Amino acid sequence: MSTKIKAVVLVPSALVVIFMVVGGLDAVRASNNDGAYRQLQVYSEVLSRVHSEYVEEPNIPAVTEGALHGLLESLDADSSYLSAPEYQAYKSHKAESKADIGAAISKRFGYASVIAVIPGGPADKAGIQPADIFEAIEGKSTRDMSLAEIHNLLAGQPGSNVSVSVVRARRAEPEKVTVTRDTVVVPAASGKMMDDAVGYIQVDGFSKGKSQEVANKIKELQKSGAKKLVLDLRNCAEGDESEGIATANLFLNHGTITYLQGQKYQRQAFEADAAKDITALPVAVLVNKGTAGPAEVVASALLENARADVVGDKTFGEGSVQKVIDLPDGAALILSVAKYYSPTGKAIQDTAVTPNVQVADVDDDSVLPDQDDNAAPADQEKKPTTQQDEQLEKAVQVLKKRTS
C-alpha cells in the first residue's frame, strides 16, 4: 500500500478509534477487541480497493466523510457526524438562530420526518402536517443530511423564509412549501368540562412551566365537578423531559416515573413524590404517532404504574440525551449517551409506547418519497376536519367503566 493511500486510510481509521474510545464502541473489550480491529482492517482494505480500482479516481475525503456520516446515523436518528466545516457552520448558526418553524422533526425512512406541529406556529400556518416528509430543504435532499444539519437549516432569523419539498400520501409529486420562521410559543394547556363529569386537558408541548399549567387545569376541573379526566397528549412532541416527569408526578403518589441510563451514564431514576400528587381521579391518556419525548414519559409512567389507561395509536419513540464530542481535526460527534426508560425497563426511543386500548389514527397518511405517484388530484385534498374523534370517544367509554 502506498504512503498516500496509507495516509488516507489512517485518518478515517483514527477517527473511528477515537469514536471507540469516547464511548460509541467502548463496550467492545477483551476478546471482542479482535472483532473491532478486524472491522477496521476490512474498512481499510475496502477504502484501498476503492482508491485503486474504482472506475474513476474517487474523491476519497468525500467517501470517508460519507462513511462517517453513515456510521453515526446507523446508531440512531439523533447521533450525527459533523465535518470541520459543518461543525463550524453548526455552532455559528446555532448561536445566531432565534426562530424556527414550530415542528418536531426526526429522521424516518432516511428522510426528515415531521413528528408533530405546534398549533399556530409557522409550520402550521404553512399547512405542514404530522407525518409529512421533507424530501428536501432549500433544494438539498434530506437523505444526505444529518439530523443536526436538518435542524440547523430549519432554524434562522424571525421573518426569514425556508423552502421545503413536502411528500404526502395521495399526492403525485412533492409540493414546495415556503415557511416563514418565527419565535414559537407552545400554546397554554387548555381544559374543559365534557358530559358525564369528564374533565378534558390538552397539552401541545412540554415547554418550561407546562406541568404547573396542567396542575392548575386539574384543580380547576375538580372544582367544576370533574369525576374523571382525559389527558390529551396527541401530537405533543416538543419540550423537556423534566416537565414530563413533573406532569406524571401530578397523578402518581408512588412508583418509578422513568430512568436514564447509558453505557457510561450512571442510572438516574426519577421516583414519584407523594407530596406532588394532586389528584386521585381515574385518568385516560390519549396518544398517537405524533406523541414523542416528554409526552411518552408521561404516558408510559401512568400506564406501567397502572394509574391510567392509554388510548390511541402507538407513539413515535423519542427519548435520549446527546453529548457533543470535539474531534482533533475540528470535526465533531453528536452522540446519544443515555436513553429514557419506562418504569418496567423499556427504552422509550426503541419501543415507543403501545396503548393498552388501541384506536388507530384516522389520517394515517405517511408514505415514502416516490410512492403513490399515480394518485388522483381529488385524493390530494386534505381530509375534512369535522371527522368524529374516535380516540376521544373511546377514552370516555373506558373512563365510564372505571371507578378508581
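Predicted, not measured: the structure shown is a model, and the values here were computed from it.

Trainee: Got a minute to help me understand the overall build of the protein chain in this structure?
Mentor: Along its length, the protein chain carries eleven helices and 17 strands. Within the protein chain, contacts between residues at least 6 apart in sequence are counted, and of these 71% link residues at least 24 apart. Of the roughly 19,400 Å² that the protein chain leaves accessible, carbon and sulfur atoms contribute 50%.

Trainee: Explain the pattern of salt bridges to me, please; I cannot follow it from the model alone.
Mentor: It is possible for side chains bearing opposite charge to pair when their charged atoms get close. The tally for this structure, following the rule as stated, stands at 13 salt bridges. Between Lys-289 and Asp-313 there is a salt bridge, with its nearest N and O atoms 2.6 Å apart. Pair noted here: Lys-289 is in the loop between β13 (283-287) and α9 (294-304) and Asp-313 is in the loop between β14 (308-312) and β15 (320-326), with a separation of 24 residues, a long-range link. Lys-289 sits in the partly exposed class, given a relative accessible area of 34%. The shortest N-O distance in the salt bridge between Asp-350 and Lys-339 comes to 3.0 Å. You can see Asp-350 sitting in helix α10 (residues 348-351) and its partner Lys-339 sitting in strand β16 (residues 332-341), a full eleven residues away along the chain. The exposure class assigned to Asp-350 is exposed, which follows from its relative accessible area of 51%.

Trainee: Teacher, can you tell me more about the packing of aromatic side chains here?
Mentor: This model, assessed by the stated rule, comprises one aromatic pair. Relative to Tyr-341, the ring of Tyr-259 lies with its centre 5.0 Å away and its plane at 5°, an arrangement referred to as stacked. Here Tyr-259, found in strand β11 (residues 256-261), pairs with Tyr-341, found in strand β16; they are 82 residues apart in sequence, far enough to count as distant. We note Lys-91 situated over the ring of Tyr-87; from NZ or CZ to the ring centre the distance is 4.4 Å. A cation sits over an aromatic face here: Arg-267 above Tyr-259, 3.7 Å from the ring centre.

Trainee: Quick question: what am I supposed to make of the pairing of strand β6 (residues 161-167) here?
Mentor: For a regular strand, side chains alternate in direction, first toward one face of the sheet and then toward the other. Counting buried positions along β6 yields five of seven residues, so the element is predominantly enclosed. Judged from the four bridges that link them, strand β4 (residues 133-137) and β6 form a sheet pairing that is antiparallel. Each residue of the ladder has a partner; that of Ile-137, found in β6, is Val-164. Both β6 and strand β7 (residues 175-180) contribute to a ladder of six bridges, which runs antiparallel. Paired with Val-166 across the two strands is Glu-175, which belongs to β7.

Trainee: Can you help me understand the packing of helix α4 (residues 84-96) against helix α6 (residues 147-154) in this one?
Mentor: Relative orientation of the contacting elements α4 and α6 amounts to 40°, with a least axis distance of 10 Å. Taken together, the axis directions place α4 and α6 in an arrangement best described as oblique. The two elements α4 and α6 cross, and the hand of that crossing is left-handed. Judged by residue contacts, Glu-86, Ala-89, Tyr-90, His-93 and Lys-94 of α4 engage Ala-148, Glu-149 and Asn-152 from α6. Of the residues assigned to the contact of α4 with α6, the class counts are three nonpolar, two polar and three charged.

Trainee: Help me understand the packing of helix α7 (residues 210-223) against helix α8 (residues 241-249), please; the structure alone is not making it clear to me.
Mentor: Geometry of a packed helix pair, given as the angle between the helix axes and the separation of the axes. Where α7 contacts α8, the two axes come as close as 8 Å, and the packing angle between them is 25°. Taken together, the axes of α7 and α8 are roughly parallel relative to one another. Judged by the twist between their axes, the crossing of α7 over α8 is right-handed. Together, Lys-210, Ser-211 and Val-214 of α7 and Glu-243, Ala-246 and Thr-247 of α8 make up the contact between the two elements.

Trainee: I'm lost on the environment of Gly-293 in this one. Help?
Mentor: By secondary structure assignment, the location of Gly-293 is in the loop between β13 and α9. Each C-alpha atom, one on Gly-293 and one on Ser-320, is 8.4 Å from the other, the two residues being 27 residues apart in sequence. For Gly-293, the residues in contact, after removing those within four places along its chain, are Glu-241 and Glu-318.

Trainee: Just checking my understanding: could you explain the nonpolar core for this structure?
Mentor: Soluble globular proteins tend to bury their nonpolar side chains together. Core analysis: the largest hydrophobic core is formed by 37 residues, its most contacted members being Val-203, Leu-229, Leu-231, Leu-233, Phe-251, Ile-257 and Val-285. Looking at this core, the elements that each hand over two or more residues are α7, β10 (228-232), α8, β11, β13, α9, β14 and β16. Per-element accounting of this core gives the leading share, six residues, to α9. Beyond its immediate stretch of four places on either side in the chain, Leu-231 contacts Ile-201, Val-203, Phe-251, Ala-284, Val-285, Leu-286 and Val-298. One finds Ile-101, Ile-105, Ala-112 and Val-114 within the second-largest nonpolar core, a separate group that totals 19 residues.

Procedures and definitions
Residues numbered from 1 in each chain as written. Predicted model: local features only at pLDDT ≥ 70, side-chain atom pairs only at ≥ 80, totals over all residues. Heavy atoms only, no water. Helix = DSSP H or I, 4+ residues; strand = E, 2+ residues; numbered from the N terminus. Contact = heavy atoms within 4.5 Å. Areas by Shrake-Rupley, 256 points an atom, 1.4 Å probe, with all protein chains shown as cover. Salt bridge = Lys/Arg side-chain N within 4 Å of Asp/Glu carboxyl O. Buried < 20%, exposed > 50% of the residue type's maximum accessible area, 1.4 Å probe, protein only. Phe/Tyr/Trp six-rings, centres within 6.5 Å; stacked < 30°, edge-to-face > 60°. Lys NZ or Arg CZ within 6 Å of the ring centre and 35° of its normal. Pairing = 2+ DSSP bridges. Axes fitted to C-alpha atoms, helices over the stretch in contact; angles between N-to-C directions. Parallel < 35°, antiparallel > 145°, perpendicular 65-115°, else oblique. Left-handed = near helix turned anticlockwise from the far one by under 90°. Nonpolar A, V, L, I, M, F, W, Y, C, P; charged D, E, K, R; others polar. Core = buried A, V, L, I, M, F, W, Y, C linked by side-chain atoms within 4.5 Å.

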